[in-house]
Amino acid sequence: MGKKSIRIQLNQEAVECTVDDNMTLLDLLRDVLDLTGTKKGCDTGECGACTVILDGKTVNACLILAVDADGSEVQTIEGTGKLNLHPLQISFVENGAIQCGFCTPGFIMSAKALLDRNPKPTDEEIKNALSGNLCRCGSYNKILTAMHKVISKE
Amino acid sequence: MSVNKDECDVVGKNLPRIDALTKVRGEAKYVSDIKVPGMLCGKILRSPLAHARVLNIDSTRAECLHGVKAVITYKDTLKKVFGVNMRTANNLLLQNEKVRYVGDQVGAVAAVDEEIALEALSLIKVDYEELPGVFNPFEAMKPGAPKIHKEENNIALSASRSFGDIERGFAQSDFIVEDEFYSPPIAHCCLEPRGCMASVDASGRLTVWSTTQTPHPLREELSDVLGIPMARIRVIQQFMGGGFGSRMGMDPIDGIACLLSLKTGKPVRIVNTRDEEFLSSRIRYPMWIWLKTGVKRNGRLHVRQVNIITDNGAYNMEGDSVMGNAIGKIAQLYAIPNVKYEGKLVYTNNVYGGPCRGYGNPQITYAIEIQMDKIAEIVNMDPAEIRLMNANDPNSTTVSGLQITSCGLKDCIREVVEISGWKGKRSKKPGQQLSIRRGIGMATMIHGGAGVKFFWGDNCNFSASTVKLNSDGTADLFTGSAELGQGSNTVLAMIAAEELGLKLEDINITNGDTLITPSCRGAWASRQTFTAGLAVKLACQDAKRQLFEFAGYLLEANPEDLVAKGRSIFVKENPSKSIPIAKATSEAYFNMGTPIIGKGVNSDPWSSKPDPKTGYGNPTSAYAFATQAAEVEVDTQTGYVKVLNMYCAHDVGKAINPLMAECQIEGGVLSMGMGYALTEKLIMENGEVKNRNFTDYRIMTMADSCNVHTILVETIDPRGPFGAKGVGEPAMIPTAAAIANAIYNAVGVWILDLPITPEKVVKAIKNKQELKVV
Amino acid sequence: MRNFEYFRAESLEETIFLIQKNGQTKILAGGTDLIPKMKRYEISPKTLIDIKRIPDLRKFKCNGDGSLSIGPLVTFSDILDDSVIKGSYPILYQSAQVLGTAQTRNRATIGGNICNGSPAGDSIPPLICLDAQLRLINQEGERWISVEHFFESPQKTCLRSDELLSEIKIPPLRPKTFGAYMKLGARKALEIAIISVGVLITFSKELEIVDDIRISLGSVAPIPIRCRQAEDILKGKEITEDIIKKTSLEVQKNINPISDLRGTSEYRYEMAYILTKRALEGLITKQ
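Being a predicted model, the structure only gives us computed values, none of them experimental.

1. Thoughts on the confidence of the model for chain C
Moving on, step 1. Chain-level pLDDT for chain C is 95 on average; 99% of the residues reach the 70-or-more range.
Moving on, step 2. Among the scores for the predicted complex, ipTM is 0.98 and pTM is 0.97.

2. Some points on the packing of aromatic side chains
Residues and elements named next belong to chain B.
Moving on, step 1. The full count for this structure, using the stated rule, is 22 aromatic pairs over all chains.
Moving on, step 2. Among the aromatic side chains, those forming a connected cluster through ring pairs are Tyr359, Phe455, Trp456 and Trp524.
Moving on, step 3. In this structure, Lys292 packs its charged tip against the face of Phe170, placed 4.4 Å from the ring centre.
Moving on, step 4. Taking NZ or CZ as reference, Arg527 lies 4.9 Å from the ring centre of Trp524, over its face.

3. Some details on the packing of helix α10 (residues 361-378) of chain B against helix α11 (residues 383-390) of chain B
Residues and elements named next belong to chain B.
Moving on, step 1. Across the interface, α10 lies against α11 with an axial gap of 9 Å and an inter-helix angle of 110°. Relative to α11, α10 is oriented roughly perpendicular. For the pair formed by α10 and α11, the contact residues are Glu369, Met372, Asp373, Ile375 and Ala376 on the first element and Pro383, Ile386, Arg387 and Asn390 on the second.
Moving on, step 2. Looking at the contact of α10 with α11 residue by residue, the class counts come to five nonpolar, one polar and three charged.

4. Here's the deal with α10 of chain B
All names here are of chain B.
Moving on, step 1. Helix length check: α10 (18 residues) gives 25 Å between terminal C-alpha atoms against 26 Å at 1.5 Å per residue, within 8%.
Moving on, step 2. Most of α10 is tucked away, with 16 of its 18 residues classed as buried.
Moving on, step 3. Phi for Asn380, located one or two positions after α10, is positive at around 60°.

5. Regarding the pairing of strand β24 (residues 574-580) of chain B
All names here are of chain B.
Moving on, step 1. Pairing analysis gives four bridges linking strand β23 (residues 568-571) to β24, with the strands arranged antiparallel. By the bridge assignment, Val571 is partnered in β24 with Asn574.
Moving on, step 2. Linkage of β23 to β24, two consecutive antiparallel strands, is achieved through a turn of two residues.

6. A look at the pattern of salt bridges
Moving on, step 1. On inspection of all chains with the given rule, the structure shows 88 salt bridges over all chains.
Moving on, step 2. Glu662 of chain B is the salt-bridge partner of Lys142 of chain A, the closest N and O atoms lying 2.7 Å from each other. Pair noted here: Lys142 of chain A is in helix α5 (residues 140-153) and Glu662 of chain B is in helix α17 (residues 658-678), and the two residues belong to different chains.
Moving on, step 3. Residue Lys142 of chain A is classed as buried on the basis of its relative accessible area, which comes to 7%.
Moving on, step 4. Note that Lys183 of chain C is salt-bridged to Asp122 of chain C, the shortest N-O span being 3.0 Å. Highlighted residues: Lys183 of chain C in strand β11 (residues 177-184) and Asp122 of chain C in the loop between α7 (110-115) and α8 (124-129), separated in sequence by 61 residues.
Moving on, step 5. Take Asp122 of chain C: its relative accessible area is 6%, and that puts it in the buried class.
Moving on, step 6. A single salt-bridge network, built from bridges that share partners, covers Asp68 of chain A together with Asp50, Lys52, Arg53 and Arg107 of chain C.

About the cut-offs
- Residues numbered from 1 in each chain as written.
- Chains lettered and ligands numbered in written order.
- Predicted model: local features only at pLDDT ≥ 70, side-chain atom pairs only at ≥ 80, totals over all residues.
- Heavy atoms only, no water.
- pLDDT = per-residue confidence, 0-100.
- Phe/Tyr/Trp six-rings, centres within 6.5 Å; stacked < 30°, edge-to-face > 60°.
- Lys NZ or Arg CZ within 6 Å of the ring centre and 35° of its normal.
- Axes fitted to C-alpha atoms, helices over the stretch in contact; angles between N-to-C directions.
- Helix = DSSP H or I, 4+ residues; strand = E, 2+ residues; numbered from the N terminus.
- Parallel < 35°, antiparallel > 145°, perpendicular 65-115°, else oblique.
- Contact = heavy atoms within 4.5 Å.
- Nonpolar A, V, L, I, M, F, W, Y, C, P; charged D, E, K, R; others polar.
- Expected span 1.5 Å × (residues − 1).
- Buried < 20%, exposed > 50% of the residue type's maximum accessible area, 1.4 Å probe, protein only.
- Pairing = 2+ DSSP bridges.
- Salt bridge = Lys/Arg side-chain N within 4 Å of Asp/Glu carboxyl O.

Given below as C-alpha cells:
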C-alpha cells in the first residue's frame, strides 16, 4: 500500500525520507527521526503535547500525515534555542513555568508561534493561543508570567 | 570575613529547578522516548466485558502472525497476586479464571511494531462466559448480588472506630447537621500515559524503565511476582510526566513488560494509549459520604459521625487505607472530642481505585468544610471565625492520637482573611445584578506531610541516601526518592547544598535507580521533602563529620568548632580561619587516601502504625495545614461558575524553594482542584468508561484559569529538614469545598455531589424559593 | 490507522477523477475530524485525496452582487485573520473564535466543518442564519443547496459519494443586519457545544422594526436546525423584552435535544431559551 518519498524543511535543514502514507508527522519525528522532544500525550489532537509549527502555524503533529507535510517547513523544540536558548525558554526556566515538563515543548512552540506573529499579545490572546496545550500540573499562571516577562522585554 | 552563620545560603531561595533546562530543550527522556536496538512493541489484550469467566484463550493464530515474537497469557505467569498491601492483594498480572472490569488484562503480545502487535491482539480468541455485573456499591451489597470475589455482599472491608462518646455528644449538642455527599470517579490524567520498558540481558538480569513513583518498592514487587531475586532486577525511574498517585506501586504494565522481555529475550516497551489510560487505569475512589456533626451554641464542634461507602472497583489496591484516611480525618481536622467513623469498601465491576492526590482527603474535606459553613450559618458566626475557634493548635494531640507538632492553621485562616478582602466581600451587596452573583467562601485542611508506616509492612516509611564528596569539593548525591515533576530532586539537592556548605550547582543528584541509589519508599503522601530530605540531611551530616576531621587537621582546629558555608570551612568563632571545601576534600583524597562517603537513613522514628484494635495512634511525623478561599461569579441562568480568584495560605513548615512551593500550590488549584470541583467525572455505563478523551473528560485549560494568590506560612517544623514538611497533596485538598462555599455565598445553594456542573447549579437555584430566575 | 493510498490533487477535476477511479475514498482537508476517526477505526478509507493544494479553494471573494464566496479550504484561523469577516460577518467570526483550540483552528476548514455533518459544528448555525448556499460539483456538473438542507442525520449529509463541496456563498447582507453566535460549554476551550445559538436580525430603516430574523441552533436535534416558527413571532415587530421572551420560548418547541455526556435534554431545553434570549438581547444594543 501507500509509501511515499517526502522532503521537509525541518528546523531549517532539508530532510528526506520514505514514509508509509498512514504515518503521522508525530511518529515520523519521534520514531524515524529520533526527535523525541515532541510528545505523544493523546494522539488525537486534544492535549497539545505534540504541538509543532508547520508553515508558521501551530498544529498538533498527531493529526498531520507525514506525507501531507511534504514540502512544508516544520519547527520543533529541537530547533528552538539550539545555539542560544530562546527568550521564552529562559523565561520558563526562571519563572517556575515547568513542573513535570511533558507539556513544556508544546507550550514553547505555541508561545513562540504567537510571539512570532504578535510580539505584544494581550492576556486574552495568549490564552486563546495556548488553550490547546493542557497542563495537568497546572502551571498555567506561571507560564503566563513567563510570557509577560518576555513580552515586556521586547 | 563576616559571615551570618544562621542565615541559609541555598534553602529558602527561589532557585530554578535543576532539570528545567533539560525539559525546556525537549531533551528530557520519558519512558516513551527511550529506544534501544531490537526493541519490541508490547500491547495488552483487555477484556471488553465487565464480569465474565474466562473459559479458554486460544492464541495460536496470533502467534503465527509474522512479526509477532511472543504471546502470553496467565499460563506464562506465576499466578501471584500483587499489590502495595499484600494482606489483601487480589489482582493478577493476567487474569485466568475471571475478568472483573472492562479493561482487565487477559493477555499480551510483543511484536516488531505497533501495527502488528495490534493485529495480533485481534487474533487472540478468548471464550468468555459473561456474568451479570454490578456497578454500584449499594447494589453490590444487596443479597443475591453477583459475587465478584469470595466476600459475602462484596464487602472487601468494614471499618469502624470511635473515640469519646458519640451518643452523649449528640445529646449534648445544641445543633446537629446531617448531610449526604457524593464524590465521583476521577481520572489522574497524567499528561504522559503510563509505560514501561523491560529488557533482559544475556545473563537473565532485568532492567526496567518505568513511569513509577516507587522504584525501590517496584523492584520488590517485580521480584515477588516474577520469582526473580532482587539482585537480578534493576528499576530505573525515568523523567515522569506526572504521577499524582497513579503510579504508586506496581502497575500490571510493569509486570507484563517484564514477562514479554523474559519470553522473547528482547527489550519490550509497552505504553498505554490515552484511551487505555481512561479505560483501565486506577482512579480516585468514588465515595458516598454521610456526615453528621453536633455543635454547641457557641460554635464549638462537639461530636462528629461519618459513614462512607467506597466503590473499591474490581480489585484491591489501597482502598482500605484511602478510606481509612478519609474517615479518620473527621477526628483530625479541628479539635473535636467525640467521633465515630465507619466505612465499607465494596467491590463492583468498575475499574478499581488507587491513590490519587489527597488520598481520600479531598472527598472528606468537601463534606467537612461544607458542613462547617452550614454550622457557621446556624450559630450565626462568620465562617472564618468558627474555623479559628475550632482550629488545631501546635503541640496538641487529637482525640484519635495524632501528635501535631508544628501547626499554622490559625495563621493560614488569618492570612486568607487578610489577603482576600474577606470581610467586605462576605457581606451581601445591594443592587447586585440579579443574573450574575459573586460570592466568597473558604475551606481548610489537614494532611500528613511525611508519609506513613503501614504500606508493604508494619514499619516501613524509611528513606536512605548516600553522598560522595568528590576531590574537587563537589558532591554526588544518591537518593532512592522519585522525581515525578514535583521538584523533589531540586529540593533534595538544595538541602544537600545547604548542609554541606556548597552551592546548588555543586550537587549532582541521582535518584530512583535501584542499582545505584539506596532504598526509599518513593513519592506518595507528600513525604519526600520531609522523609527523603531528612535522609539527605543525615547523609550530608555524616560526610561533613568526616570532612571536618580533615579540615580540622588543616586548620589546626577542633572539628566540633567548624562550620561549612559558601564553599568554605571556617572556625565558628574565628571565621577568618578558613579553607575552601575543595582543599579539605583534596587533602582527604590525595594526602590521606580516604574518600568521603556519607550515609543517612531516616527510619521515621516519630510515627507509628495506629493500634489495630482501637485505631489510636500517630501515623505521620508531621502535618500540613492550609486554608483556601475562592471568589466566584455564578451565572444564575446558565449555572456557569467562574472562579475569579483563589487565595491560598499553606503551612509548609519551611519553604525549601518558595517558588517551587508556590508552583505546587497554584498547580494543584488550577488543574486538579478546580477540575474536581467543577468539571471532572468519569462517566461509567455498565462498567465501561464512556468519556475516554480530553474533550469529554474535562480538565481545566489555560482559558479557565483564575488568579491564585499564595502565601507560604512557615511554622518551622521541629523535625523536618530545615523545618520543612509536605505540600504536594495539600495544594488541591480544600479547593472544591472553598468553591462550593463561595457558590453558597453567591446564590444560596449547596451542591453536595461533585462536580458542581452548571446544570446542577441551575436546578438547585430553581428549587430554591427566594431567587427568581428571569 | 489502517494504511491507505494518499493522493495530492492539483485540481477539482483531478479530484473527481480520483474519486471515480478509487473505491472507499475520503477527502482530506484539515483532517482534524477525519484523522481521529481513522485512528479510532470508525472509518478506514482505502484512498485519501488531499485537496489542500488545489488553487483558489482557500480564498474569500467579495462578488459584484454583494455576495461573499468562501472557499471550502478556508481555515478558521483564516476567518479570524480576515477583516471583512470580522467587520461584516461577526456571527461567523464569533463561531471561529470558540471552535476547538488554536491548533485545531489552524487546520480545520469551513468545508470540513460543514461536511463532517455534526449537529454541534460551530460554523453551521451562523451559516444557516446567513442563508449560505453550498456549491456541490461532480463529473456531471454542479448543484446548489442551502446549508440548512444539507444535513440528513448526525454525521450524515446529502453530499453524494462522487461530489465535492467547492464553494460556500453567502447572499448579500442587507444593511442594518446584526448577528451573534453563542456557545454553551463547561469550559472556555476544547469544548463541543452543549448547545449553540446563532441569531441574525435585519432591522428596518427606522431601526425599530425587525424586518428579518433568522434563528439557528446546534446540538439540540439530530441536525442543526432553523427555528422558523420562533422567527415568525419576531418578524415585522418591534423588538421588546416581552417579545424576546416569547420568541425564545417558541424556540423550545422547535427542538428535540437528547441527553448525552455533555448535558441532559432538560438542561438543553432550558438553555435554548436562555441563550436565544441573550443573543437577541445582545442585538438590541446594536440598533
